[in-house]
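This is what each chain is made of:
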Amino acid sequence: SGKRVIELFTSRGFTAIITDNLVGYVLGFASFAIGMVTAFAGWLIQHWAGSDETGHSYIFGPLPVPGVWASLIGFLVGLWVSSVMMNVLKGAVNTLIVCWADSPAAMQAQHPKLTAELSETYQDVFDMLGVPTAAFGEPMSPAVPV
């Protein structure tokens, strides 16, 4: 099925989507940002938890620089959990693009507003980049219900 998708994208002129998969970059940055927020939250929790009279952290015990450990653990947990969620979103976006490329009329019948937005955005972005949009150059007409 992967070979069929590549053939479909090539026949529709979607090779730029394959090479410039910006969705992965955006979702990767979002995961990194979430990791940074959870790193700060880990540091804040460690800071608020404080230390006992010997200077040992209530959370990490005698480990040196417990704020760094809390931040590192918070970052890794936030990055991991958000990456799982972002991969679900990435799969949904890829599925949407493949469905639109495979059968735009069927998608138009089920989701006319989304299809119109997708067609307009596709045309605007790739016209701006100088990529020909022969397959979807014109706005699609409403599909006739079957």
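Calculation notes
- Residues numbered from 1 in each chain as written.
- Predicted model: local features only at pLDDT ≥ 70, side-chain atom pairs only at ≥ 80, totals over all residues.
- Heavy atoms only, no water.
- Helix = DSSP H or I, 4+ residues; strand = E, 2+ residues; numbered from the N terminus.
- Buried < 20%, exposed > 50% of the residue type's maximum accessible area, 1.4 Å probe, protein only.
- Contact = heavy atoms within 4.5 Å.
- Areas by Shrake-Rupley, 256 points an atom, 1.4 Å probe, with all protein chains shown as cover.
- Axes fitted to C-alpha atoms, helices over the stretch in contact; angles between N-to-C directions.
- Parallel < 35°, antiparallel > 145°, perpendicular 65-115°, else oblique.
- Left-handed = near helix turned anticlockwise from the far one by under 90°.
- Phe/Tyr/Trp six-rings, centres within 6.5 Å; stacked < 30°, edge-to-face > 60°.
- Expected span 1.5 Å × (residues − 1).
- Patch = residues over 30% accessible without salt bridge, like charges linked within 9 Å, V, L, I, M, F, W, Y side chains within 5 Å.
- Salt bridge = Lys/Arg side-chain N within 4 Å of Asp/Glu carboxyl O.
- pLDDT = per-residue confidence, 0-100.

Draft legend 1. Spotlight on the overall build of the protein. Of the regular secondary structure elements, the protein holds 6 helices and 0 strands. Shown N-terminal to C-terminal, the secondary structure of the protein runs as helices and strands in the order α-α-α-α-α-α. With 146 residues in all, the protein has 26% of them scored as buried. Across the protein, every contact between residues at least 6 apart in sequence was considered, and the portion connecting residues at least 24 apart equals 60%. Of the roughly 9,800 Å² of accessible surface on the protein, a fraction of 70% belongs to carbon and sulfur atoms.

Draft legend 2. Inspection of the environment of Pro104 at higher detail. Tracing the chain through its elements places Pro104 in helix H5 (residues 104–110). It is 7.6 Å that separates the C-alpha atoms of Pro104 and Thr115, two residues lying 11 residues apart in sequence.

Draft legend 3. Structural detail: the packing of helix H3 (residues 22–49) against helix H4 (residues 66–102). Where H3 meets H4, the axes come as close as 6 Å, and the angle between the chain directions of the two elements is 150°. By the angle class used here, H3 and H4 are roughly antiparallel. Every pair of crossing elements has a handedness; the one defined by H3 and H4 is right-handed.

Draft legend 4. Fine view of the packing of aromatic side chains. Scanning the model with the defined rule gives 2 aromatic pairs in all. Seen from their ring centres, Phe32 and Phe75 are 5.8 Å apart, and the 75° between their planes marks the pair as edge-to-face. Linking Phe32 in helix H3 with Phe75 in helix H4, this pair joins segments that are 43 residues apart in sequence. You can call Phe32 partly exposed: its relative accessible area is 40%.

Draft legend 5. Quick look at unusual backbone geometry. Positive phi values are uncommon outside glycine, yet Val65 reaches one of about 40°. Its place among the elements puts Val65 in the loop between H3 and H4.

Draft legend 6. Spatial organisation of H3. Taking 1.5 Å of rise per residue, the 28 residues of H3 would be expected to cover 40 Å, and the 40 Å separating its terminal C-alpha atoms lies within 8% of that figure. Among the residues of H3, those classed as buried are Leu27, Ser31, Gly35, Ala39, Gly42, Leu44 and Gln46. Those residues of H3 hidden inside the fold are in contact with H4. Just downstream of H3 lies Gly50, where phi reads positive at about 75°.

Draft legend 7. Here's a closer look at a nonpolar patch on the surface. A grouping of Leu63, Val65, Val68, Trp69, Leu72, Ile73, Leu76, Val77, Trp80, Val81, Val84 and Met85 is seen on the molecular surface, where their side chains present a nonpolar patch of about 1,100 Å² in accessible area. Assignment of secondary structure puts Leu63 in the loop between H3 and H4. Given the relative accessible area of 38%, Leu63 is considered partly exposed.

Draft legend 8. Broad picture of the side chain of Ser82. If you trace the backbone, Ser82 turns up in helix H4. Residues contacting Ser82, with those up to four places away along its chain left out, are Ser31 and Ile34.

Draft legend 9. Just the confidence of the model for the protein, in detail. Across the protein, the average pLDDT comes to 78, with 74% of residues at or above 70. Note that pLDDT drops below 50 for residues 137–146; the model gives that stretch 11 contacts with residues more than four away or on any other chain.

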